[in-house]
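Chain and residue survey
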Amino acid sequence: MTKYIFITGGVVSSLGKGIASASIGKLLESKGLKISIIKCDPYINVDPGTMNPYQHGEVYVTEDGAETDLDLGHYERFTNAVLSRDNNITTGKIYESVIKKERKGKYLGSTVQVIPHITDEIKYSIKHVAALRNIDVVIVEIGGTVGDIESLPFLESIRQLKQELGTGNAIDIHLTLIPYIKSADEIKTKPTQHSVGKLREIGIQPDILLCRTEKKLTHDVREKISLFCNVGPEAVIAAVDVANIYEVPLTLQEDNLDALILRKLGIAYRERDLKNWKASVVNVVKNPERSVKIAVVGKYIALQDAYKSIYEALMHGGIANKAKVEIVKVDSEDILKQGAYTFLSNVDGVLVPGGFGTRGIEGKIQAIHFARVNKMPYFGICLGMQTAVIEFARNSCGLKDANSTEFSKRTRYPVISLLEEQKKIKDKGGTMRLGGYRCLVKKKTLAYAAYKKSDISERHRHRYEFNNKFKAALSKKGMIFSGVFRAKNLVEMIELKNHPWFVAVQFHPEFKSKPDNAHPLFRDFIKAALKNSA
Ligand code: GLN
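The rules behind the values
- Residues numbered from 1 in each chain as written.
- Predicted model: local features only at pLDDT ≥ 70, side-chain atom pairs only at ≥ 80, totals over all residues.
- Heavy atoms only, no water.
- UniProt positions renumbered as here; feature names shortened; annotations may be inferred.
- Helix = DSSP H or I, 4+ residues; strand = E, 2+ residues; numbered from the N terminus.
- Rg over C-alpha atoms; globule rule 2.2 N^0.38 Å.
- Buried < 20%, exposed > 50% of the residue type's maximum accessible area, 1.4 Å probe, protein only.
- Contact = heavy atoms within 4.5 Å.
- Areas by Shrake-Rupley, 256 points an atom, 1.4 Å probe, with all protein chains shown as cover.
- Axes fitted to C-alpha atoms, helices over the stretch in contact; angles between N-to-C directions.
- Parallel < 35°, antiparallel > 145°, perpendicular 65-115°, else oblique.
- Left-handed = near helix turned anticlockwise from the far one by under 90°.
- Pairing = 2+ DSSP bridges.
- Polar contact = N/O pair within 3.5 Å; in protein donor to acceptor, adjacent residues only side chain to side chain.
- Core = buried A, V, L, I, M, F, W, Y, C linked by side-chain atoms within 4.5 Å.
- Nonpolar A, V, L, I, M, F, W, Y, C, P; charged D, E, K, R; others polar.
- Near = heavy atom within 4 Å.

In the annotation of an unreviewed UniProt entry, the entry for the chain reads CTP synthase, and the organism field reads Candidatus Ghiorseimicrobium undicola. In its Subunit (unreviewed entry) section, UniProt records this for the chain: "Homotetramer." Recorded in UniProt for the chain, the comment headed Pathway (unreviewed entry) runs: "Pyrimidine metabolism; CTP biosynthesis via de novo pathway; CTP from UDP: step 2/2."

Have a look at this one:
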């Protein structure tokens, strides 16, 4: 029978519930359990695909082409769980499905209400994930903070589920903040007491408290939290701040969270450990042998979360080369104002990530030009491939003002354009080329040197494509088309002759990179940048 762990959050947002959930997943996997992780998002958008990165951060894409919350990225990086569109449940999706059923007459005769219809739909969606893949433990992270109006139906659903499944089959882990008041040199438990009080008001008694804290929790503090919050002192776990997120599973294990969870869920104790993770990830991050500077040139640089998976994948590339990657975040609009040299003259490699819309495009093109002519390793991702094609067409092939039709509808040289099938699409939500597509890699290319195989699959999220009409012209000047989606003859990867490492891809390799298994392109990009820095 599948067991459930519900993760709720209290006091403030941004406590790292996603990383806590992913770390718990990692701990349980290290015990040989098959896990899955679900994120419940209380907003009314059906998915985050139509949201601005400033609202939401990165949109993470799963293999089956769902546009999801970036926490799913943490789940996939920390664990081997196979995630799909079912692993991200939003209020929008739940209502969409309930309203569809109502129109079909599935609830004929009844008034459709939040309880039981919405809550039943939520419970069904959660249990569906467990049933689908025969999961031992499903971890369900509830977005938002206890006390929010929006998350109430989700909390009510887990209250009911806990009740129905019975003690020993479902637990609630509440992530809370224990603030440190500097002037008094004290850590405070009151916000946690209030937050747990709020949870109990809606009928949920947490089983374990995960306390985010800057300072260690003393015995007295644990006793006090235990007394006021109705959990045993051993169930007050310290989640002390760490320098690197990949250390979190180790710190939680130090406080015996893994053994505690197994006991509470009635799973026999299993001796397994995280030795490999510690040796191949955590220790390498702590003691790098070299370091390298990579410029990420984008337009959402100010926002920490907008390029989450890119930053993580760069770090993984570093780990694979036993190097520390120092990321220099460059706003592409600044390049336009102050020139590429100002920002890129002392970095070892340049990466242009994905993006949408005209703002910042010309700055990215200048950055790519700088990397190309100065033989600096360049890695273009999605829009970073499209802009690389534009730059090359304009400056190497004499196609003056070449552009993507996304930015200039009437350009004479539409080197990037829409396929006929995309032109017909009017709706914005979920209509791009999304998810995993196979790609044939050409032998004797940088791409092949990285993947070491010809048949690969990578995840996509874009509307525009390379325009094959320009293939001959660009190839004549030294562009190599190293990856193609054969079924539709679409260009997926390009690279350049006479350049040490200039690779750009239409897909998003960052979504498949893991700390203990860096994506081959990120690994080789960092390797090339290290060579450039030497
Ligand atoms: N805006 C481009 C497109 O839609 C690139 C998208 C991206 O970088 N994810 O094709």
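On to the overall build of the chain, then. Across its full length, the chain carries 20 helices and 23 strands. Its C-alpha atoms give the chain a radius of gyration of 25 Å, near enough to 24 Å, the size a compact globule of 534 residues would have. Dimensions of the chain along its principal axes, counting C-alpha atoms only, are 75 × 60 × 45 Å. The 534 residues of the chain split such that 58% are buried. In the chain, the share of contacts with a sequence separation of at least 24, taken over all contacts with a separation of at least 6, comes to 73%. Just so you have it, the chain exposes about 23100 Å², and 50% of that area is on carbon and sulfur atoms.

So, about the environment of Ile-202. Of note, Ile-202 is situated in the loop between helix H7 (190–201) and strand E10 (208–213). Taking the C-alpha atoms as reference points, Ile-202 and Asn-283, separated by 81 residues in sequence, lie 43 Å from one another. Aside from chain neighbours lying at most four places away, what touches Ile-202 is Leu-152, Leu-155 and Arg-159.

In this section: the packing of H7 against helix H8 (residues 219–229). Their axes nearest at 10 Å, the elements H7 and H8 cross at an angle of 25 degrees. It follows that H7 is roughly parallel to H8 by the angle criterion. As H7 runs across H8, the sense of the crossing is right-handed. Between H7 and H8, the contacting residues are Thr-192, Gln-193, Val-196 and Arg-200 on the first element and Lys-224, Ile-225, Phe-228 and Cys-229 on the second.

The next subject is the sheet that holds strand E16 (residues 403–404). The strands making up a sheet associate through backbone hydrogen bonding, with each pair oriented either parallel or antiparallel. The mixed open sheet is built from three strands, whose spatial order is E16-E17-E20. Bordering the open sheet on either side are E16 and strand E20 (464–466), each of which pairs with just one other strand. Both strand E17 (residues 414–418) and E20 contribute to a ladder of three bridges, which runs antiparallel. Each bridged residue has a counterpart across the sheet, and for Ser-417 the counterpart in E20 is Glu-465. On top of the sheet, helix H16 (residues 383–395) reaches E16, E17 and E20; it is set at about 150 degrees to E17, its chief contact.

As a further point, take the UniProt feature "active site" (unreviewed entry) in the chain. Under the UniProt annotation, "active site" (unreviewed entry) lies at Cys-382, His-508 and Glu-510. For this annotated set, covering 129 residues, all C-alpha atoms fall within 10.9 Å of each other, a compact arrangement in space. Locating Cys-382 in the fold gives a position in the loop between strand E15 (378–381) and H16. Among the residues examined, Cys-382 registers a relative accessible area of 5% and is labelled buried. In this structure Cys-382 touches Gly-354, Arg-461, His-462, Val-505, Gln-506, Phe-507 and His-508, once residues within four positions along its chain are discounted. When you line up the elements, Glu-510 lands in the loop between strand E23 (502–505) and helix H20 (520–533). By relative accessible area, Glu-510 is classed as buried at 4%. In this structure Glu-510 touches Ser-309, Ile-310, Ala-313, Ile-381 and Phe-522, once residues within four positions along its chain are discounted. Here His-508 takes part through its side chain, which lies 2.7 Å from a polar atom of the side chain of Glu-510.

Here we take up the nonpolar core. Counting 59 residues, the largest nonpolar core has Ile-5, Ile-24, Leu-28, Leu-210, Leu-257 and Ile-261 as the members making the most contacts within it. Within the second largest apolar cluster, 41 residues are counted, among which are Val-352, Phe-407, Ile-416 and Phe-502.

It is the contact of helix H1 (residues 17–29) with helix H3 (residues 71–78), at a shortest axis distance of 9 Å, that shows an interaxial angle of 25 degrees. As judged from the angle between their axes, H1 and H3 are roughly parallel. Seen along the crossing, H1 lies across H3 with a hand that is right-handed. Mapping the contact onto sequence places Gly-18, Ile-19, Ser-21, Ala-22, Ser-23 and Lys-26 in H1 and Asp-71, His-74, Tyr-75 and Phe-78 in H3. Looking at side-chain class alone, the contact of H1 with H3 contains four nonpolar, four polar and two charged residues.

Moving on: the site of the ligand. Close to the ligand lie Gly-354, Gly-355, Phe-356, Cys-382, Leu-383, Gln-386, Glu-406, Arg-461, His-462, Arg-463, Tyr-464 and His-508. Residue Arg-461 places a main-chain N or O atom 2.8 Å away from a nitrogen atom belonging to the ligand. A distance of 3.3 Å separates a nitrogen atom of the ligand from a polar side-chain atom of His-508.

Here we take up the pairing of strand E7 (residues 170–177). By the criterion of burial, E7 is predominantly enclosed, with seven of the eight residues buried. By the bridge criterion, six bridges tie strand E1 (residues 3–9) to E7 in an arrangement that is parallel. Considered in E7, the bridge of Thr-8 is made with His-174. In the sheet, E7 pairs with E10 via five bridges, with the strands oriented parallel. Note on E10: the bridge partner recorded for Leu-177 is Arg-212.

Another point: the UniProt feature "binding site: UTP" (unreviewed entry) in the chain. The positions UniProt marks with the feature "binding site: UTP" (unreviewed entry) are Ser-13, Lys-188, Thr-189, Lys-190, Pro-191, Thr-192, Gln-193 and Lys-224. For the annotated residues, spread through 212 residues, the largest C-alpha to C-alpha distance comes to 23.5 Å, inconsistent with a single compact locus. Looking at where Thr-189 falls in the secondary structure, it is placed in the loop between strand E9 (186–187) and H7. Beyond its immediate stretch of four places on either side in the chain, Thr-189 contacts Val-221, Lys-224 and Ile-225. As for its position among the elements, Thr-192 is in helix H7.

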